[in-house]
Amino acid sequence: MYSPLCDLLNIQYPIMQGAFQWLATPDLAAAVSNAGGLGTISASLYKTKDELLDAIARTKALTDKTFCVNISMFPEVVEGEATWDFIHACCEAKVPVVELSGREPKEFVPVLHEAGIKVIHKSTAVRFAKKAAAAGVDVVSVVGFECGGAPGNDDVTSMVLIPAVVDEVDIPVIGGGGVCDGRGLAAMRALGAQGVVLGTRFMATQECGIHPNFKEKMLESNELSTIVVQRSIHFPHRNLKNETTLQVAELEKEENPTIEKIFPYVSGKRQKACYDSGDTEGGVFPCGEVVGRIHDIPTVQEVIARVMAEADAVLSALK
Ligand SMILES: Cc1cc2nc3c(=O)[nH]c(=O)nc-3n(C[C@H](O)[C@H](O)[C@H](O)COP(=O)(O)O)c2cc1C
């Protein structure tokens, strides 16, 4: 399946790996890039410019293919403000692609372009995608309400959101939220997206560094196994239903739940400790509805090969 996105980003297949706090490591990103997709490392795994530079160097040592660095710019939830440090690290290391999210990209785009970097902006609404396009980004990645992680505040599903964005911007769109296979890729292409971003599917792969207990829990899940919490603190997240997430949901039923009350449950440190120890109940675990359609733990390469073969078969059958 040809997509002009592949030419623009210099990748073989129009499949991007989503950013994952704690889990979008150089190893996972390189595996995706080596398999022909666009692997992503999350800058939020690192505290300083030097740490990110080191991660970029490790990624480059593992792959000679195009990869992406995601910089989530949420100063209100990230201690310290490292955004500019991360931007400078990407420029210095001349990473091929940067994905920005969480804030208007206007001031960052010229700096990244000057360094020869392609810029993707991640959006969860038509209005944000339009702003990003007006700011000069090269591509927008757009995820609908089904997605794992942060679906934004509008609750618009991918089926409606992706074509709505495609109709409003004149740059390529990468669509996601609910995609795990070739049917999803074919559907996204039909909706006008030039490529797809897969999050939850890449969690359940051999290369993903999360403890195997989480992968097992994903296999036991169905399409009803996730819930959106953190609406009370205006930072909604779709997580797998577990003890901690359900505690957060209960807390949010109270009148005036505060960030001070919610934060200890959703803190990154707590999440990271659980990812490492295999305690699937003790912290929150972002996960998309599509977890209900994931039934195995293949390699990243198998996922990508399968998605491409299935999409081609779907398109042939539709003819
Ligand atoms: C465990 C997990 C952690 C995530 N962390 C981030 C993150 O730190 N930054 C971000 O932009 N998106 C994050 N996401 C969202 C993904 O990048 C992607 O947009 C989403 O998973 C796509 O929807 P899907 O899960 O239905 O494929 C996360 C998703 C998961 C499953």
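Criteria and thresholds
- Residues numbered from 1 in each chain as written.
- Predicted model: local features only at pLDDT ≥ 70, side-chain atom pairs only at ≥ 80, totals over all residues.
- Near = placed C-beta within 6 Å.
- Helix = DSSP H or I, 4+ residues; strand = E, 2+ residues; numbered from the N terminus.
- Nonpolar A, V, L, I, M, F, W, Y, C, P; charged D, E, K, R; others polar.
- Core = buried A, V, L, I, M, F, W, Y, C linked by C-beta atoms within 7 Å.
- Buried ≥ 20, exposed ≤ 12 C-beta atoms within 10 Å, placed from the backbone.
- Domains from an automatic or database assignment.
- Contact = placed C-beta atoms within 7 Å.
- Axes fitted to C-alpha atoms, helices over the stretch in contact; angles between N-to-C directions.
- Left-handed = near helix turned anticlockwise from the far one by under 90°.

Chemist: How should the site of the ligand be read in this particular structure?
Modeler: Every one of the 30 residues lining the ligand counts as a neighbour, but Gly 18, Gly 148, Gly 149, Gly 199 and Gly 288 are closest to it. Those elements that provide at least two residues to the shell around the ligand are strand 3 (67–72), strand 8 (195–198) and helix 9 (200–203). Across the shell around the ligand, the residue classes tally to 12 nonpolar, 15 polar and three charged.

Chemist: Help me out: how do you make sense of the nonpolar core in this one?
Modeler: It is characteristic of soluble globular proteins that their nonpolar side chains tend to be buried jointly. The biggest cluster of nonpolar side chains holds 98 residues, and the ones touching the most others in it are Val 69, Cys 90, Val 98, Val 140, Val 165, Val 173 and Val 196. Sort the elements by how many residues they give to this core and helix 14 (residues 300–318) lands first, with six residues. Counting contributing residues per domain, this core is built from domain 1 (4–205 + 300–318) and domain 2 (226–286), each supplying no fewer than three. Excluding anything up to four places from it in sequence, Val 69 contacts Ile 41, Ala 43, Ile 56, Cys 90, Val 95 and Val 98.

Chemist: Mind showing me how you'd approach the packing of helix 2 (residues 26–34) against helix 3 (residues 49–62) here?
Modeler: The description of two helices packed together rests on the angle between their axes and the distance between the axes. Two elements in contact, helix 2 and helix 3, have axes separated by 9 Å at closest approach and are oriented at 35 degrees. Here helix 2 runs over helix 3; the crossing is right-handed. Here helix 2 contributes Pro 26, Asp 27, Ala 29 and Ala 30 to the contact with helix 3, which in turn contributes Ala 55, Arg 58, Thr 59 and Leu 62. Split by residue class, the contact of helix 2 with helix 3 holds five nonpolar, one polar and two charged.

Chemist: I keep staring at the environment of Phe 86 and nothing clicks. Help me out?
Modeler: Positionally, Phe 86 belongs in helix 4 (residues 83–93). In the structure, Phe 86 is positioned 54 residues away from Val 140 in sequence and 20 Å away in space, judged by C-alpha atoms. Excluding its chain neighbours within four sequence positions, the residues that come into contact with Phe 86 are Ala 43, Lys 49, Leu 52 and Ile 71.

Chemist: So what exactly am I meant to see when it comes to the domain arrangement of the protein chain here?
Modeler: Accessible area lost on assembly of the parts is the figure often given for the size of an interface. With domains assigned, the protein chain is organised as domain 1 (4–205 + 300–318) and domain 2 (226–286). In this structure, domain 1 and domain 2 have C-alpha centres spaced 24 Å apart. Each side of the interface is counted separately: domain 1 has 10 residues, and domain 2 has 11 residues. Residues of the side of domain 1 that touches domain 2, tallied by class, amount to six nonpolar, four polar and no charged.

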